[in-house]
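# Summary of structural features
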Amino acid sequence: MEKKGVEEQQNRIKEQMSLIAHKIMVMSGKGGVGKTTVAVNLAYTLFLSGKKVGLLDIDLHGPNVAKMLGIEGETLRNNEGKIEPFEVLDGLKVVSLALILEKSDEPVIWRGPLKTAAIRQFLGDVRWGDLDYLIIDSPPGTGDEPLSICQLIPEIDGTVIVTTPQDVAILDSTKAVMFAKKLNIPVTGIIENMSGFICPYCHRNINIFKKGGAEKAARTMNVPFLGSISFDPKMVELGDAGIPLASLSETEESAVHKEFKSIVENIERAIQNENLP
Ligand SMILES: Nc1ncnc2c1ncn2[C@@H]1O[C@H](COP(=O)(O)OP(=O)(O)OP(=O)(O)O)[C@@H](O)[C@H]1O
Ligand SMILES: [Mg+2]
């Protein structure tokens, strides 16, 4: 894009982002730790509590948000030069590359600059409107995609870092914390996911990996610990079926549901600069 075009887009991004009160990016040091699960349920919980919410999937190689929301096959519309987000629940605004590409099973082969260009469009050319929250789900690691977000939205509220209890995963999440610190982005806090296993038979939490490592790591790095989420086989089924845990009724609640609610409360407290319990 020529210089003038880039400048205009930059201004559009600024303008659009100024209409969104809180922007939060979910990231991790390594893959498969539960970022998308956290991002989708965070957006859902906030939306169900009456907030105006957008959910942006910047995982361009493995955009899973649409699958986890059960909206695969839907497509975004263009309206007067702007992209309209897809709305679930009549109002929760979702944007993902999976809702743009015709075939979601074909790999996206893009170099860094093209990825940044796509993310610029997601921020500047989507009609987000005024929102209380924009939740951003990123691919694993500290690559082009989260870097673009931090550069394009320098006023971002912070990053939520998801990890699992194993030593290597926690070591990797340290890199995500360092990444945020280097870019002067606040770390909203760390979540330990798959923290113990809820036995489907006895319903007790069995400690399969070492629990509690993320909380210790958070203390060492002087960043907030937002809470832990148990491993619950039901979550895998729900994820595959496109049903967010947060959409289940009270009667279907699992321990994970309660853990998640407490984490969302802690995230809301953390971005309002309140102390966590
Ligand atoms: N607490 C949990 N209990 C059981 N399964 C879980 C839990 N959290 C996530 N999962 C499952 O683990 C798998 C990976 O989760 P998810 O896709 O959210 O991870 P991710 O960090 O976004 O992965 P990627 O790095 O590939 O983007 C999914 O099948 C999901 O349903
Ligand atoms: Mg993901």
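Fair warning: this is a prediction, and the values are worked out from it, not measured in the lab.

### A closer look at helix 4 (residues 112–124)
- Under the 1.5 Å per step criterion, the end-to-end length of helix 4 is 18 Å for 13 residues, consistent within 8% with the ideal 18 Å.
- Regarding helix 4, the residues found buried are G112, K115, A118, I119, R120, F122, L123 and G124.
- Buried positions along helix 4 lie against helix 1 (3–18), strand 2 (53–57), strand 4 (82–84), strand 6 (92–95) and helix 5 (144–152).

### A word on a nonpolar patch on the surface
- A contiguous nonpolar patch, built from I206, I208 and F209 and spanning about 260 Å² of accessible area, is present on the exposed surface.
- Relative to the assigned elements, I206 resides in strand 11 (residues 205–206).

### Regarding the pairing of strand 9 (residues 187–192)
- Of all six residues making up strand 9, six are buried, and the element is well covered by its neighbours.
- In the sheet, strand 8 (residues 158–163) pairs with strand 9 via five bridges, with the strands oriented parallel. Bridge assignment links V162 to a residue of strand 9, and that residue is I191.
- Between the parallel pair strand 8 and strand 9, the chain is carried across by helix 6 (residues 167–182), and the sense of this crossover is right-handed.
- With three bridges connecting them, strand 9 and strand 12 (residues 225–228) associate as parallel partners. Bridge assignment links E192 to a residue of strand 12, and that residue is S228.

Rules used in this analysis
- Residues numbered from 1 in each chain as written.
- Chains lettered and ligands numbered in written order.
- Predicted model: local features only at pLDDT ≥ 70, side-chain atom pairs only at ≥ 80, totals over all residues.
- Heavy atoms only, no water.
- Helix = DSSP H or I, 4+ residues; strand = E, 2+ residues; numbered from the N terminus.
- Expected span 1.5 Å × (residues − 1).
- Buried < 20%, exposed > 50% of the residue type's maximum accessible area, 1.4 Å probe, protein only.
- Contact = heavy atoms within 4.5 Å.
- Patch = residues over 30% accessible without salt bridge, like charges linked within 9 Å, V, L, I, M, F, W, Y side chains within 5 Å.
- Areas by Shrake-Rupley, 256 points an atom, 1.4 Å probe, with all protein chains shown as cover.
- Salt bridge = Lys/Arg side-chain N within 4 Å of Asp/Glu carboxyl O.
- Pairing = 2+ DSSP bridges.
- Right-handed = clockwise from strand over helix to strand, strands pointing away.

Remember, this is a structural readout, not a statement about activity or role.
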